[in-house]
Amino acid sequence: MKYVSTRGRAPALGFSDVLLAGLAGDGGLYVPESWPQLSSAEIAGFAGRPYAEVAAQVIRPFTTGDIDDADLDRMCAEAYATFRHPAVAPLVQLAPGEWVLELFHGPTLAFKDVAMQLLSRMMDHTLARRGEKVTIIGATSGDTGGAAIEAFRDRDNVDLFMLFPEGRVSPFQQRQMTTSGAANIHPIAIKGNFDDCQAMVKAAFGNKRLRERLALTGVNSINWARIVAQIVYYFTAAVALGAPGRRVSFTVPTGNFGDIFAGYAAKKMGLPIADLVIATNVNDILARTLATGRYEVGGVEATTSPSMDIQVSSNFERALFEACDRDAEAVDRLMAALAQSRAFTVEPQALAAIRDDFVAGTTDEAECAATIVGTWRDTGFLPDPHTAVGLAVARRHMAPETPMVTLSTAHPAKFSAAVEAATGQPPALPPGFDDLTSRKEEFVVLANDQSVVEDFLLSNANSVRDEV
Ligand SMILES: Cc1ncc(COP(=O)(O)O)c(C=O)c1O
Ligand SMILES: N[C@@H](CCOP(=O)(O)O)C(=O)O
């Protein structure tokens, strides 16, 4: 399997090179050059199988030729043994036709663990084989940072620099990032918002000298390996509800579009998905784009679902590439317009293609809080604010006979202030986090300035290559 860049000006690469590249050299995102197909019989065969085995089978077509089958099986088994729930991603029924897929049973209580636990093992495996070291740079609105730090702490072939917006992540999320105590972990609070952090990460990749000196790579969902691992739970959930003999819809609380793009990938591989519903909070650029065809970056509003306080949604570029019939030049033009004027217009044919694959809805803060308390009171399931955004939107898109699965992307304890404000009581903390508030925090605060951040990386990375 080879991967091509959405902007068409970077070389096609195999899985291991894409894994270590993060972002393509032309600023684009890697996608598989064709979608592997799973037959109905193969999909039906997933029923009742352990999550790790299904994961290896779904992921294998993407890694063939780069990772040996036995190594992939072992890495999947190890990654999903870190989860607290034997099913890894259990489905819970809330009402007739309504389900949540609990993706928060990993080590940091967020869906990011599903991909990050596997990604860190794949990276470690590839680096050990090649005898290389890398520097990871990432941007987080809260959950990617914690999951990456947990997955990569104390790995001696990796230095991890994680940028987060100062004061805009929950206290629980911040402490998960700042209390690892590991020498290879460097949390950085940026005086800006998540979009500023993500823009700095992409600009760092665009600095060829820095990229080469630090052997820069990424673990945000710009890295294809993140998406690949997230495809798996769409299969396990749909099969548990009757696929391939029955169509299933999914609603996904969406920010950077990685999670829902994994659902799109599952559909392209043959999973019968009815609707893929994008759920956003008031930072609703994706819903506006689907409604009007105009992608227009506005200001970011801070909400109780901070991990979705995003305007520049990285993986939408992958969806555009698909909607433009894989015309990389067209995507390149749109991305150039975005860089220049913070906006672009999707051509009617591409917009129609996007609307064929996705629908979208938005929730405001009042509806989010009402959904938290209402769902808890009516069903006993306590959603975190991101899941509540998903549930509120999902309930407007339910169709008779088609199960609707909302992805539950974080444990409510990660956002206890918002949950307590809605329900009047704090959510119970799962075991293993009792000392989080007493651990010593270590992080730096840096200006929202590219050269300040790049200088910090060069001064603090353990492995910097000489200039040639
Ligand atoms: C709890 C939670 N829900 C939803 C999202 C949105 O996911 P994505 O960025 O893949 O769209 C995030 C962040 O990515 C998150 O941390
Ligand atoms: N909400 C995310 C933002 C980064 O998303 P990613 O999926 O591209 O890593 C977060 O929690 O940091």
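Procedures and definitions
Residues numbered from 1 in each chain as written. Chains lettered and ligands numbered in written order. Predicted model: local features only at pLDDT ≥ 70, side-chain atom pairs only at ≥ 80, totals over all residues. UniProt positions renumbered as here; feature names shortened; annotations may be inferred. Pairing = 2+ DSSP bridges. Helix = DSSP H or I, 4+ residues; strand = E, 2+ residues; numbered from the N terminus. Near = placed C-beta within 6 Å. Nonpolar A, V, L, I, M, F, W, Y, C, P; charged D, E, K, R; others polar. Buried ≥ 20, exposed ≤ 12 C-beta atoms within 10 Å, placed from the backbone. Contact = placed C-beta atoms within 7 Å. Axes fitted to C-alpha atoms, helices over the stretch in contact; angles between N-to-C directions.

The name an unreviewed UniProt entry assigns to the protein chain is Threonine synthase, from the organism Bauldia litoralis. Recorded under Cofactor (unreviewed entry), the UniProt text for the protein chain is reproduced unchanged: "pyridoxal 5'-phosphate".

## Re the sheet that holds strand β5 (residues 134–139)
Spatial strand order, β8-β5-β6-β7-β15: five strands in an open sheet with parallel pairing. At either end of the open sheet lies a strand with only one pairing partner, and these are β8 (216–217) and β15 (444–446). One ladder, built from three bridges, connects strand β7 (residues 185–190) with β15; its direction is parallel. Counterpart to I188 in the pairing with β15 is V444.

## Here's the deal with the site of ligand 2
Around ligand 2, a shell composed of 13 residues is seen, among which T140, D143, T144, N220 and S221 lie nearest. Of the residues forming the shell around ligand 2, the biggest block, three residues, is contributed by helix α6 (residues 143–152). Each residue belonging to the shell around ligand 2 can be placed in one class, and the counts come to no nonpolar, twelve polar and one charged.

## Quick notes on the site of ligand 1
What surrounds ligand 1 is a group of 16 residues, the closest being D143, N256, G258, S307 and T409. When its residues are assigned to classes, the shell around ligand 1 shows five nonpolar, nine polar and two charged.

## Examining the environment of L290
With respect to the secondary-structure elements, L290 resides in helix α12 (residues 285–292). Overall, the presence of 19 C-beta atoms within 10 Å leaves L290 in the partly exposed class. Here the alpha-carbon distance between L290 and L382, two residues 92 residues apart in the chain, equals 30 Å. Apart from the residues lying within four places of it in its own chain, the contact partners of L290 are I354, R355, F358 and A360.

## Quick look at the sheet that holds strand β13 (residues 359–362)
Ordered in space as β3-β4-β14-β9-β10-β13, the six strands form an open sheet in which the pairing is mixed. Strands with a single pairing partner mark the edges of an open sheet, and in this sheet they are β3 (91–95) and β13. Pairs of neighbouring strands in the sheet enclose a mean axial angle of 25 degrees, with direction left out of account. Across five bridges, the pairing between strand β4 (residues 98–102) and strand β14 (residues 404–408) is parallel. Bridge pairing links L101 to L407 in β14.

## Quick look at the UniProt feature "modified residue: N6-(pyridoxal phosphate)lysine" (unreviewed entry) in the protein chain
In this numbering, the UniProt entry assigns the feature "modified residue: N6-(pyridoxal phosphate)lysine" (unreviewed entry) to K112. Position of K112 among the secondary structure elements: in helix α5 (residues 112–130). Classification of K112 as buried rests on a count of 33 C-beta atoms within 10 Å. Every residue in contact with K112, bar those within four places of it in the chain, is listed here: D143, T144 and A147.

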